Amino acid sequence: MFFQDVLDLTIKKLKAQTANILTLSNLFLGCFAILFSINDNLKLSVLLIFIAALADRFDGMTARKMNIESDLGKQLDSMSDIISFGVAPALLLYTRVLYEFGAPGAFLTALYIGCGALRLARFNISENNDGYFTGLPITASGCLATLCFLAVPYWPSPIFLFIMLILSILMISPFRLKKM
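This report concerns the structure included in the present document. (Residues numbered from 1 in each chain as written. Predicted model: local features only at pLDDT ≥ 70, side-chain atom pairs only at ≥ 80, totals over all residues. Heavy atoms only, no water.)

### Regarding the packing of helix α1 (residues 2–38) against helix α2 (residues 42–65)
As a reminder, the rule being used: Interaxial angle, 0 to 180 degrees, is taken between N-to-C directions of lines fitted to C-alpha atoms, where a helix line uses only the stretch in contact. For helices the rule is a DSSP run of H or I covering at least 4 residues; for strands it is a run of E covering at least 2, with both sets numbered from the N terminus onward. Here is the rule for angles: anything less than 35 degrees is roughly parallel, anything more than 145 is roughly antiparallel, 65 through 115 is roughly perpendicular, and the remaining ranges are oblique. Less than a right angle of anticlockwise turn of the near helix away from the far helix marks a crossing as left-handed, whereas a clockwise turn marks it as right-handed. Lys, Arg, Asp and Glu make up the charged group, whereas Ala, Val, Leu, Ile, Met, Phe, Trp, Tyr, Cys and Pro make up the nonpolar group; the residues left over, Gly among them, are polar.
Their axes nearest at 8 Å, the elements α1 and α2 cross at an angle of 165°. Judged by the angle between their axes, α1 and α2 are roughly antiparallel. Of the two possible hands of crossing, α1 and α2 adopt the one that is left-handed. Taken together, the residues of the contact of α1 with α2 break down into 15 nonpolar, 7 polar and 2 charged.

### Topic: the packing of aromatic side chains
Our working definition: Aromatic contacts are taken between Phe, Tyr and Trp rings whose centres are within 6.5 Å, Trp giving its six-membered ring; a plane angle under 30 degrees counts as stacked, one over 60 as edge-to-face, and the others as tilted. We call a charge positioned above a ring when the Lys NZ or Arg CZ atom is no farther than 6 Å from the ring centre and deviates by at most 35 degrees from the ring normal.
The final tally for this structure, using the stated rule, is 2 aromatic pairs. Between the aromatic rings of Phe 123 and Phe 133, the centroid separation amounts to 6.2 Å while the plane-to-plane angle is 45°, which identifies the pairing as tilted. One end of the pair, Phe 123, is in helix α4 (residues 103–125); the other, Phe 133, is in strand β1 (residues 132–134), with 10 residues separating them in the sequence. One Lys or Arg, Lys 74, reaches over the ring of Phe 123 and ends 5.4 Å from the middle of that ring.

### Section: the nonpolar core
Across soluble globular proteins, you tend to see nonpolar side chains buried next to one another. The condition is simple: Residues enter a nonpolar core if they are buried and are Ala, Val, Leu, Ile, Met, Phe, Trp, Tyr or Cys, with the set joined through side-chain atoms within 4.5 Å. Each residue gets one of three labels from its accessible area relative to the maximum for its type: buried under 20%, exposed over 50%, partly exposed in between, using a 1.4 Å probe on protein chains only. For this analysis, residues touch if any pair of their heavy atoms sits within 4.5 Å.
Among the nonpolar cores identified, the biggest contains 34 residues, and Leu 93, Leu 98, Tyr 112, Phe 149, Phe 160 and Met 164 are the most heavily contacted of them. Listed by contribution, the elements that provide at least two residues to this core are α1, α2, α3 (71–96), α4, α5 (138–149) and α6 (158–172). Ignoring anything within four residues of it in the chain, the contact list for Phe 149 reads Leu 42, Val 46, Leu 92, Leu 93 and Arg 96.

This is the structure in structure tokens:
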């Protein structure tokens, strides 16, 4: 009977942390994407960012389906998202193309990360649960930036300055986007 109680308690605790484990997977994937970008393994970095997006999609879905949503999970999700969809895509584009522009490239890289952090902070303090996002979600922005990376050989370099500026503005803009 004792072992059954221990097993039941362990399963209950694991179930309660399922969404957070997925969120931490998102964080780890983002960290590895950054490390691979720094070491010039940009294709693997791209892949890790997209896998992080899948983990991000499933963590919230899992939390809602299993009724294990928490304030800790919400904060952890934002911390993970700034790494995986703020820093990782920005560094990916910086190391491949934006560094060519010196200070403007560095500024737009930092601006993108800052706008992403602002967007996440605004989301965390909002009480708005009406089925709409305000501004472009950082996950979408990070995925778009990462997709644009694939066009580096085909598009002129200055367009990436414009892309980073537009994505930054869209994240903090007041437009409303229906949640999926």
